[in-house]
Amino acid sequence: MKNPEAISHSTGSSQYLDDIPVLKNTLYGVIFGSPSAHGKISGLDLAAAHATPGVHRIFTHSDIPGQNDIGGIISDETLFAVDEVHYRGQPVALVVADSEHTARKAAGLINIKISELEPLLDPRLAMEKGQLLIPSRTFRMGDVRTAWQACDHVIEGRADCGAQEHLYLETQGAYSYPTDNGSIRIHSSTQGPALVQRIASKVLSIPMNRVEVDVARLGGAFGGKEDQATFVAVMAALAASILHRPVKITLSRGDDMRMTGKRHPYSSDFRIGLTKDYRILAFSSVMYQNGVAAADLSPAIMERTLFHTTNAYFIPNTEVTVHSCRTNLPPNTAFRGFGAPQGMFVIEAAIAKAAAELNIPARLIQQANFLKENDLFQYGQIALNVNIGKCFADLDREFRIGEIEKEIAEFNERNTFFRKGFSLMPVCFGISFTNTSMNHARALVHIYQDGSIGISTGAVEMGQGVNAKLAQVAVGLFSVDPGRVKIETTNTSRVANTSPTAASSGADLNGNALLIAGNRLIERLKGVAGQMLGCSPGEIVLRDEKVFRNEAPTEITWEQLVREAFLRRVSLTENGHYATPVIYFDKLKEKGHPFSYHVYGTAVITVLLDCLRGIYKIEKVLIVHDFGNSLNPDIDRGQLEGGVLQGIGWMTMEEVLFNSDGRMLTDSLSTYKVPDIYSAPEILEYRALETEGPGPALLKSKAIGEPPFMYGIGAFFALQNAIMSFNPSWKPDFDAPLTPEKVLMRLYDKK
Ligand code: LUZ
Ligand code: MOS
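This is a predicted model, so every value here is computed, not measured.

(A) Seen up close, the site of ligand 1. Around ligand 1 sit Glu-226, Arg-304, Phe-338, Phe-433, Thr-434, Met-438, Ala-502, Ala-503 and Glu-706, and those are all the residues in its vicinity. Measuring from a nitrogen atom of ligand 1, one finds a side-chain N or O atom of Arg-304 at 2.9 Å. The backbone of Ala-503 places a nitrogen or oxygen atom 3.4 Å from a nitrogen atom of ligand 1. For ligand 1, the protein covers 97% of the area, taking 290 Å² as the surface of the free molecule. Among the residues forming the shell around ligand 1, the class breakdown is 5 nonpolar, 1 polar and 3 charged.

Right, dumping it as structure tokens:
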């Protein structure tokens, strides 16, 4: 089935937040952020800003009727700073005026006095000073201490990976207005409408049933709107409820880049021990997460890092600790992969370093340690339906890895100033929110008397195609024309207490809830058809807009059946609730069964490096990916290709830089480089692994949002191999992203 939104997206008729026609009397808000990364506020002079014609009001913490607290997991984050600021751009005030232009001009006239404190930027330094956001956590299995002695090789090193800006096309925004009797409606750019609702209720001090949050769709999110759409939405709601006027806030690109958090950078020490036949006996690591000024989602992200530190390998003895360190940067947050890429980078770095020291291709170590059926993950879950070996075997058969390596070796023999590099990147990613209690969803289905169907779920469409998948499920289930199905906006008054659309599980959770609701309606309709035909409902099937009895078409159409059910006073509305079965996790033991299944895949990446200039081209990305039984191969392909490119960007070109004062140096598209069409791989080919998908996956179609991102990590190691071919005396280090500048230095490093 085609994406029903494809036409409206490309003709511009799909409504995004900024397309909602504004009501008359709408006011516009601009946020005034701290000009300093760390300090005490000693004065805030709003007089000149206030005096600007067109300014209606300036809000600060003292205007909050409820709690000045927007922390999603722990209460450590304010909506507006009170007496201290902890990062540059931290919201201090909201200027509300007749126009955005006026509000921005007035914000420029706010005079804040700050007695500066020294900003902490380095997570390792924060750790030394005892600045942790939350208690550290350790996952362990077996006993690394005794295992080191049994190893033939023990290798140690350090790996650093950088932040990443989400760069969703649509910046954060909100439009809010008072509705009947003290209630409020918020249109928000959020992945988590229920979170916005809960926090708005807390800040405004009104019950949740008085806050309605509505999301039609987002112009991209990538995790950046799981938590961080909230402050904008709540500010708009605060201003709207106090002024009794509609208030709209749209962050400028620069404000969005400066004020909102990124992917967490991590700095890690690792140790890996191997036998002489390259089996990894032990792996340990201490990781410093740059969790920045407030926890936001850092605790959950830390947890997912711990779950993925052994990637697709079985390692019998492991011990990994993550420290979430408090620094003076904007609160880092969810980003596609949610800590897993950072964890996988470390184990891949450890393998690459071991390979370099043993002078063998990393692939030999990777292959020797792939997970097998019934292996134990370090968090206590038994690995079932393990497909990593199959993915690799298919990849080798389809694309002939040995030949690619041979071609590269020959190319490197023949050429002086051009080198090629190769890497293999296996991926194993767990599906489910790591926090078990978040794994549930609901779907509200109405069949209208004319036979059309309206579906509301908690899933937020952000370009990933979840609406198309849900529509497809409904069309298949009811066996009706696609034109009959409408996926409604995501709205807290229709579907309550939802988890954010995140963790790659939007389609799984909401789609399964839809199946539950839909199947109940179908049972009811079959009952009506049975009555109409004087037969048992078991003889009835609904197919192609018709009622079938014992496999033979009857005269009754879908429309007639629905109409008849309505006249017989049978309910045409159903609410389905789905909670992922089996999963649990014990945080005291750090053991359990947190994931309903795992997604596997393997990629080969090759690069061509210009050794005079340090610039490179990603030549080939060849993948075998375990889609399960893909519900919509076109949508899944889009997710796969986009994920790969975003991963390559994180590892090779996207560099978030701050100066020593905590000022962001890369706050525009001229200083922050993301992959464009010219940096896309020359060849990106993939094959679907032929498997039956697992039960909890929606109709056996596996989650696709995040797993492909991590193939991009291979780009880092392919580049490293090309550098090593040119400069054999270089001892590989692990400091991502490997930008052309860093590549050039390493090509001529003669230490
Ligand atoms: N969000 C979250 C996520 O709250 N929990 C998760 O486990 C998760 N995983 C991936 C992406 N977002
Ligand atoms: Mo998330 S990183 O919002 O799936």
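(B) Layout of unusual backbone geometry. Put simply, Ala-736 and Pro-737 share a cis peptide bond, and its omega is 5°. Positionally, Pro-737 belongs in the loop between strand S30 (734–735) and helix H19 (740–747). Unusually for a residue other than glycine, Leu-167 sits at a positive phi of about 50°. Checked against the element boundaries, Leu-167 lands in the loop between strand S8 (153–161) and strand S9 (173–178). The phi angle at Asn-359 is positive, at roughly 60°, despite the residue not being glycine.

(C) Local environment of the sheet that holds strand S24 (residues 573–579). Ordered in space as S19-S18-S17-S24, the 4 strands form an open sheet in which the pairing is mixed. Looking along the sheet, the strands with just one partner apiece sit at the ends: strand S19 (485–487) and S24. This sheet shows a mean twist of 20° between the axes of neighbouring strands, independent of strand direction. Sheet topology places strand S17 (residues 440–447) next to S24; 7 bridges connect them, and they run antiparallel. Each bridged residue has a counterpart across the sheet, and for Val-445 the counterpart in S24 is Glu-574. In the packing of helix H14 (residues 466–478) onto the sheet, the strands contacted are S17, strand S18 (453–457) and S19, and the crossing angle to S19 comes to about 150°.

(D) Spotlight on the layout of surface pockets. Counted as a void, the second largest pocket has a volume near 870 Å³. The wall of the second largest pocket is formed by 32 residues, among which Ile-360, Pro-361, Ala-362, Asn-721 and Met-724 lie closest to the centre. Elements represented by at least two residues in the lining of the second largest pocket include exactly helix H10 (340–358), helix H11 (362–368), helix H13 (401–414), strand S16 (418–431) and helix H18 (713–726). The class makeup of the residues in the lining of the second largest pocket is 16 nonpolar, 8 polar and 8 charged.

(E) Main features of the pattern of salt bridges. Evaluation of the coordinates by the stated rule reveals 45 salt bridges. Note that Glu-405 is salt-bridged to Arg-363, the shortest N-O span being 2.6 Å. Linking Glu-405 in helix H13 with Arg-363 in helix H11, this pair joins segments that are 42 residues apart in sequence. Look at Glu-405 and you get partly exposed, because its relative accessible area is 21%. Where Glu-685 meets Arg-687, a salt bridge forms, and the shortest distance between an N and an O atom there is 3.1 Å. Overlapping salt bridges bring together Glu-100, Arg-104, Asp-255, Arg-258 and Asp-667 as one network.

Rules used in this analysis
Residues numbered from 1 in each chain as written. Chains lettered and ligands numbered in written order. Predicted model: local features only at pLDDT ≥ 70, side-chain atom pairs only at ≥ 80, totals over all residues. Heavy atoms only, no water. Near = heavy atom within 4 Å. Polar contact = N/O pair within 3.5 Å; in protein donor to acceptor, adjacent residues only side chain to side chain. Areas by Shrake-Rupley, 256 points an atom, 1.4 Å probe, with all protein chains shown as cover. Nonpolar A, V, L, I, M, F, W, Y, C, P; charged D, E, K, R; others polar. Helix = DSSP H or I, 4+ residues; strand = E, 2+ residues; numbered from the N terminus. Pairing = 2+ DSSP bridges. Axes fitted to C-alpha atoms, helices over the stretch in contact; angles between N-to-C directions. Contact = heavy atoms within 4.5 Å. 1 Å grid on protein atoms, 1.4 Å probe; cavity = no way out; pocket = protein on both sides within 12 Å on 5 of 7 lines; lining within 4 Å. Points joined across faces, edges and corners; volume = space filled by probe spheres on them. Salt bridge = Lys/Arg side-chain N within 4 Å of Asp/Glu carboxyl O. Buried < 20%, exposed > 50% of the residue type's maximum accessible area, 1.4 Å probe, protein only.

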